[in-house]
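Structural features, examined
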Amino acid sequence: DGARLSFVRSRGGGCPERPVYTVMYGAASPMPVVVCYDPGADMCEMMIVDQRVEFDLTDALKAAGAAAAVLGK
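Presented here is an overview of the structure given in this document. (Residues numbered from 1 in each chain as written. Predicted model: local features only at pLDDT ≥ 70, side-chain atom pairs only at ≥ 80, totals over all residues. Heavy atoms only, no water.)

M31, F55 and L57 are the most contacted members of the largest nonpolar core, which has 13 residues in total. Only β3 (31–37), β4 (46–56) and α1 (58–64) provide two or more residues apiece to this core. At three residues, the largest contribution of residues to this core is made by α1. Residues within four places of M31 in sequence aside, it is in contact with Y25, G26, L57, A60, L61, A64, A66, A68, A69 and V70. (Core = buried A, V, L, I, M, F, W, Y, C linked by side-chain atoms within 4.5 Å. Buried < 20%, exposed > 50% of the residue type's maximum accessible area, 1.4 Å probe, protein only. Helix = DSSP H or I, 4+ residues; strand = E, 2+ residues; numbered from the N terminus. Contact = heavy atoms within 4.5 Å.)

Following this line, the structure appears as structure tokens:
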């Protein structure tokens, strides 16, 4: 959605010790983006249903000199 990357995910957790999701990107056009998930960042046993995760890529797009992003694996 424009410069925002978002998704909804259910997962176990509830007391994160560090970021659960991070984004890596490269300096290319279109800018390649990889979303990383750290399963060890939140070891609580509560169920989080339909958590909305969102990243604003505006600054990353500017730094990469790109107008668009593409998800990579």
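Now that the structure is up, let's keep going.
This part takes up the side chain of R11. Relative to the assigned elements, R11 resides in strand β1 (residues 4–13). A polar side-chain atom of R11 sits 2.9 Å from a polar atom in the side chain of Q51. If sequence neighbours within four positions are ignored, R11 has contacts with V20, Y21, Y37, D42, M46, M47, I48 and Q51. (Polar contact = N/O pair within 3.5 Å; in protein donor to acceptor, adjacent residues only side chain to side chain.)

On to the environment of R11. On the basis of relative accessibility, which here comes to 7%, the residue R11 falls in the buried class. One polar contact links R11 to D42, side chain to side chain, over a distance of 3.2 Å.

The subject of this paragraph is the state of the cysteines. As enumerated under the stated definition, the model contains one disulfide in all. Covalently, C15 is tied to C44 through a disulfide, its sulfur atoms 1.4 Å apart. The S-S bond linking C15 to C44 shows a torsion near 80 degrees; that makes this disulfide right-handed. Taken together, the positions of C15 in the loop between β1 and β2 (21–25) and C44 in the loop between β3 and β4 put the pair 29 residues apart, joining distant regions of the chain. Residue C15 is classed as partly exposed on the basis of its relative accessible area of 34%. (Disulfide = S-S within 2.5 Å.)

This next bit is on the environment of A69. Structurally, the position occupied by A69 is in strand β5 (residues 69–71). For A69, a relative accessible area of 40% corresponds to the partly exposed category. Put simply, A69 and Q51 are 18 residues apart on the chain and 23 Å apart in space, counted from C-alpha to C-alpha. Among residues more than four places away in sequence, those in contact with A69 are P30, M31, V33, L57 and L61.

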